[in-house]
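The chain contents come next:
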Amino acid sequence: MSEASKLVRKNPPPAIAIGSGKGGVGKTFLSVHLADRAVQQGKRVLLVDADLGLANVDVMLGITAPGNIQQVVDGQAQLSDIVVTHRNGFDVLPGGSGLHELTHLSAMQQRLLLDEMNALTCNYDLVLIDTAAGIGENVLYFTSCAESVLIVLTPDPTSLTDAYALIKVLSRQRDVGKFMVAINQADEVQAQITFRRLLSVADRYLDVVLDFVGFMPEYNKVRAAIQSQQLLHNFSDSSRIDSLNQLLDSILAQPPCVRSGAGMQLFWQRALGNDLGYQSQTDLAV
Ligand SMILES: Nc1ncnc2c1ncn2[C@@H]1O[C@H](COP(=O)(O)OP(=O)(O)OP(=O)(O)O)[C@@H](O)[C@H]1O
Ligand SMILES: [Mg+2]
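Everything numeric in this text was worked out from a predicted model, so none of it was measured.

*Asks:* Can you walk me through empty space enclosed by the protein in this structure?
*Replies:* Regions of empty space are outlined by a rolling probe, equal in size to a water molecule, passed over the atoms. In total, this model carries two cavities of 30 Å³ or more according to the counting rule given. Of the voids in this model, the second largest cavity is the one considered here, and its volume is about 30 Å³. Of all the secondary structure elements, the ones that give two or more residues to the lining of the second largest cavity are helix H1 (27–40) and helix H11 (240–253). Top element by residues in the lining of the second largest cavity is H11. It accounts for four residues. Taken together, the residues that form the lining of the second largest cavity break down as three nonpolar, three polar and two charged.

Structure below.
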């Protein structure tokens, strides 16, 4: 854990979950750059790789996880033992443990993970949760329990359909009413058109608020940076970095949503279900 992270805050930090429905649209790319940008703003940041099946964040950043959540669940390690500090100053809780559904954990394992998570997150000012693709149970849990939800999509029609599907299920089944929307791999005009398409269908069928927070153009150096496991600004100084920074600043400047039941304190309790004595308003039964 970084030196800055050793100062313990009293209240649990706000969390932003990053989801998309469709895979491969840039969630992990945006998550790691958001973490880096928030550190530049003086925040202590924990980036959670919520893809518990396949590693994402550690591969993109070229970091080696010293352990995984499965070991914590088995009582062989503490969460703080498996947190890795990236050289740019943010901490990463690695995923990719082969642990497919949190709901498969026993009550004892859930309790352990919950206590560990509550203790860990109190060390940070901001928690970012990079979710897996799809609308599986873990994605819904992780996404619906954060105060703020960022939906990432590209102008690709399948990406739009899948983003809408995720928004729909989160709004109808998990009571999420507000979403930030970022369009990746698009110029400003394409991004506006894509956002308006999503907005028109959401306005018609759902009771949700969508906030357009910006766009990131298609840029070939993104692939090259990812391949060499570097952050984009360490790799290129193009003006496209300005677009990226504008997008990141806009996301970080959004006030956290005040939703009853959201927040890191309840985050893992809700994620792990109701049988720990926590009275949830939702249908997150294990
Ligand atoms: N703005 C961009 N310009 C060019 N390529 C991009 C851009 N954003 C993302 N990519 C490409 O898309 C790939 C997928 O990005 P990323 O891994 O962040 O997506 P993801 O949504 O996290 O995927 P998954 O759902 O599999 O976790 C990257 O490896 C990169 O090659
Ligand atoms: Mg990813």
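Picking up where we left off.
*Asks:* Can you walk me through the nonpolar core in this structure?
*Replies:* With 38 residues, the main nonpolar core has Phe90, Leu128, Leu150 and Leu232 as its most contacted residues. Among the elements that line this core, the one with the most residues is H1, at seven residues. With residues up to four places along the chain from it excluded, the contact list for Phe90 reads Val32, Ala35, Asp36, Val39, Val45, Leu47, Leu61, Val84, Thr85 and Leu231.

*Asks:* Quick question: what am I supposed to make of the packing of helix H7 (residues 157–174) against helix H8 (residues 188–205) here?
*Replies:* The relative placement of two packed helices comes down to the angle between their axes together with the axis-to-axis distance. In contact at an axis separation of 11 Å, H7 and H8 are set at 35° when each is read in the N-to-C sense. Relative to H8, H7 is oriented so that their crossing is right-handed. Contacts between H7 and H8 involve Leu160, Tyr164, Ile167 and Arg172 on the former and, on the latter, Thr194, Arg197, Leu198, Val201, Ala202 and Tyr205. The residue inventory of the contact of H7 with H8, partitioned by class, reads seven nonpolar, one polar and two charged.

*Asks:* Can you help me understand the site of ligand 1 in this one?
*Replies:* Near ligand 1, the surroundings consist of 19 residues, among which Lys27, Thr28, Phe29, Asn184 and Arg223 are the closest. The contact in question runs from an oxygen atom of ligand 1 to an N or O atom on the backbone of Gly24, over 2.9 Å. The separation between an oxygen atom of ligand 1 and a polar main-chain atom of Phe29 is 2.8 Å. More than half of the atoms belonging to ligand 1 lie within 2 Å of the grid points that define the largest pocket. Elements that contribute at least two residues to the shell around ligand 1 include exactly H1 and helix H9 (220–227). Partitioning the shell around ligand 1 into residue classes produces nine nonpolar, seven polar and three charged.

*Asks:* Honestly, the layout of surface pockets in this entry has me stumped. Any pointers?
*Replies:* Taken as a whole, the largest pocket holds about 370 Å³ of empty space. Forming the walls of the largest pocket are 22 residues, and the residues nearest its centre are Gly24, Val25, Gly26, Lys27 and Phe29. Going through the elements one at a time, H1 and H9 are the ones with two or more residues in the lining of the largest pocket. In the lining of the largest pocket, the residues fall into ten nonpolar, eight polar and four charged.

*Asks:* Mind showing me how you'd approach the pattern of salt bridges here?
*Replies:* Pairing between side chains of opposite charge can happen when the charged atoms of each approach one another. Considering all chains together, one arrives at five salt bridges under this definition. Across the salt bridge formed by Asp125 and Arg44, the nearest N and O atoms sit 2.8 Å from each other. Placement of Asp125 in the loop between helix H5 (107–121) and strand S5 (126–130) and of Arg44 in the loop between H1 and strand S2 (45–49) is noted, with a sequence separation of 81 residues between them. Like Asp125, the residue Arg44 is buried in the burial classification. Note that Glu218 and Arg223 form a salt bridge whose closest N and O atoms lie 3.4 Å from each other. Glu218 sits in the partly exposed class, given a relative accessible area of 41%. Look at Arg223 and you get partly exposed, because its relative accessible area is 48%.

About the thresholds
- Residues numbered from 1 in each chain as written.
- Chains lettered and ligands numbered in written order.
- Predicted model: local features only at pLDDT ≥ 70, side-chain atom pairs only at ≥ 80, totals over all residues.
- Heavy atoms only, no water.
- 1 Å grid on protein atoms, 1.4 Å probe; cavity = no way out; pocket = protein on both sides within 12 Å on 5 of 7 lines; lining within 4 Å.
- Points joined across faces, edges and corners; volume = space filled by probe spheres on them.
- Helix = DSSP H or I, 4+ residues; strand = E, 2+ residues; numbered from the N terminus.
- Nonpolar A, V, L, I, M, F, W, Y, C, P; charged D, E, K, R; others polar.
- Core = buried A, V, L, I, M, F, W, Y, C linked by side-chain atoms within 4.5 Å.
- Buried < 20%, exposed > 50% of the residue type's maximum accessible area, 1.4 Å probe, protein only.
- Contact = heavy atoms within 4.5 Å.
- Axes fitted to C-alpha atoms, helices over the stretch in contact; angles between N-to-C directions.
- Left-handed = near helix turned anticlockwise from the far one by under 90°.
- Near = heavy atom within 4 Å.
- Polar contact = N/O pair within 3.5 Å; in protein donor to acceptor, adjacent residues only side chain to side chain.
- Sits in = over half its atoms within 2 Å of the grid points.
- Salt bridge = Lys/Arg side-chain N within 4 Å of Asp/Glu carboxyl O.

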